[in-house]
Structures are given as structure tokens and as C-alpha cells.
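What follows is each chain in one-letter form.
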Amino acid sequence: MKVGIIRCMQTEDYCPGTADFMAIREKRGVFSSVGEEIEIIGFINCGGCPGKKAVLRARELVKRGADTIAFASCVQKGTPIGYPCPFAKRMKELIQKDIGKQIRILDYTH
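From a predicted model like this one, the values you see are computed outputs, not experimental measurements. Counting of residues starts from 1 at the beginning of each chain's written sequence and follows it residue by residue. A pLDDT threshold of at least 70 governs which residues receive local features in this predicted model, and a stricter bar of 80 or more applies before side-chain atom pairs are shown or counted, although totals over entire chains, interfaces and linings include all residues. The basis for the side-chain values is all heavy atoms of the structure; hydrogens and waters are excluded.

### Comments concerning a nonpolar patch on the surface
Note the cut-off: Residues with no salt bridge and a relative accessible area higher than 30% make up the patches, which join like charges within 9 Å and nonpolar side chains (Val, Leu, Ile, Met, Phe, Trp, Tyr) within 5 Å. Accessible areas in this description were obtained via Shrake-Rupley with a 1.4 Å probe; residue shielding takes into account the shown protein chains only. Counted as salt bridges are all cases of a side-chain nitrogen of Lys or Arg within 4 Å of a carboxyl oxygen of Asp or Glu. The way it works is that DSSP assigns letters per residue, a run of H or I at least four long becomes a helix, a run of E at least two long becomes a strand, and they are numbered from the N terminus.
A surface patch of nonpolar side chains, amounting to about 360 Å² of accessible area, comprises Tyr14, Ile81 and Tyr83. As for its position among the elements, tyrosine 83 is in the loop between α3 (73–76) and α4 (88–99).

### Some details on the pairing of strand β2 (residues 39–45)
Quick reminder of the rule: Pairing between strands is defined by DSSP: at least two bridges between them are needed.
Pairing of strand β1 (residues 2–7) with β2, which is carried by six bridges, proceeds in the parallel orientation. Within β2, the position partnered with isoleucine 6 by the bridge is isoleucine 44.

### Details of the side chain of threonine 109
Rule in force here: When accessible area is computed with a 1.4 Å probe and restricted to protein chains, residues below 20% of their type maximum are described as buried, those above 50% as exposed, and intermediate ones as partly exposed. Polar contacts, as used here, are pairs of N or O atoms within 3.5 Å; protein pairs need one atom able to donate a hydrogen and one able to accept it. Residues neighboring in sequence count only if both atoms are side-chain atoms. The contact criterion used throughout is that any non-hydrogen atoms of two residues lie within 4.5 Å.
Its location among the elements puts threonine 109 in the segment after β4 (104–106). On the basis of relative accessibility, which here comes to 0%, the residue threonine 109 falls in the buried class. In this structure the side chain of threonine 109 is engaged in a polar contact, spanning 2.4 Å, whose partner is the side chain of aspartate 20. The residues contacting threonine 109, other than those within four sequence positions of it, are Asp20, Ala23, Arg28, Gly29, Val30, Phe31, Ala70, Phe71, Ala72 and Ser73.

### Looking at the side chain of threonine 68
One can find threonine 68 in strand β3 (residues 68–71). At 2.9 Å, the side chain of threonine 68 forms a polar contact with the side chain of aspartate 67. In this view, threonine 68 contacts Met1, Lys2, Val3, Gly4, Ile103, Arg104 and Leu106; residues no more than four positions away in its chain are not counted.

### Some remarks on the nonpolar core
Applicable threshold: Remark: nonpolar core denotes a set of buried residues (Ala, Val, Leu, Ile, Met, Phe, Trp, Tyr, Cys) joined through side-chain atoms within 4.5 Å.
Core analysis: the largest hydrophobic core is formed by 29 residues, its most contacted members being Val3, Ile6, Phe31, Ile69 and Ile95. When residues of this core are traced back to their parent elements, those giving at least two are β1, α1 (18–25), α2 (54–63), β3, α3, α4 and β4. In terms of residue count, α4 provides more of this core than any other element does, four residues in total. Each residue touching isoleucine 6, except ones within four places of it in the same chain, is listed here: Ile44, Asn45, Cys46, Ala54, Ala58, Leu61, Ile69, Ala70, Phe71, Ala72, Val75 and Ile95.

### Some thoughts on the environment of glutamate 93
Looking at the element boundaries, glutamate 93 is found in helix α4. The exposure class of glutamate 93 is partly exposed, given its relative accessible area of 38%. Each C-alpha atom of the pair glutamate 93 and valine 75 lies 14 Å from the other, and the pair is 18 residues apart in sequence.

### Overview of the environment of glycine 47
Locating glycine 47 in the fold gives a position in the loop between β2 and α2. Considering only alpha carbons, one finds glycine 47 and cysteine 8, 39 residues apart in sequence, at a separation of 8.0 Å. If near-sequence neighbours (up to four positions away) are discounted, glycine 47 is found in contact with Met9, Lys52, Lys53 and Arg57.

### Observations concerning the sheet that holds β4
Stated formally: Angles run from 0 to 180 degrees between N-to-C directions of axes, and those axes are lines fitted to C-alpha atoms, restricted for helices to the stretch in contact.
In space, the four strands of this open sheet follow the order β2-β1-β3-β4, with parallel pairing throughout. At either end of the open sheet lies a strand with only one pairing partner, and these are β2 and β4. Sheet twist, expressed as the mean angle between neighbouring strand axes with direction ignored, is 20°. Across the sheet, α1 is in contact with β1 and β2; its angle to β2 comes to roughly 160°.

In C-alpha cells:
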């Protein structure tokens, strides 16, 4: 699996992504059932509310080799600031429409 991670721009000051990387390394969270090696292609933010650059960034991650786009847990679960993204569902729909069904999308990381 070659994964590109999109995170919430609002959480960058609070979270360096260590839990996301640990979940991948230790195959925990959404990655617990992945039997193959996991390579991180990129780790980037959504571009700010309302996820205005997420589609372009997902497209670039795929262009650079990602076969999977994962939303960091801060997007769906609101960790660590306790505020899930109100645009997460729409952002996912727009990304899926743009990059197609052949690219897997994961709703969270850990």
C-alpha cells in the first residue's frame, strides 16, 4: 500500500502526526488489516477550511504514487483539538469523484 495522508490544517500547531506514523508503522487503527508493506507517499494538510485544496492535494499524492488516500484522524475524529471537520464528508465525496474508485480512501488513521 502506498498511502498519502491528508490532515486538518487547524491541527498542525498541536500535532506533528506522530500517532499517524505510529499507526502505520505498527499496523494499528485502520491499518491493522493491511498485510502488505505500507509506504508513506506524502503527508499534507487540506489547505484550510472548507478543505479548499484537498482535491488538488489528493490528486498530487496519486500522481506521486499513492494508491490510497487516508484522512488523518484529526479530520473525522477531531483529535487533538476535539473538533471534527464539518466538511469531511463533502471533502471525501469531492476527492473520490476526482480521483476515481480505483484509489482507496480511508476515513481515519488511528
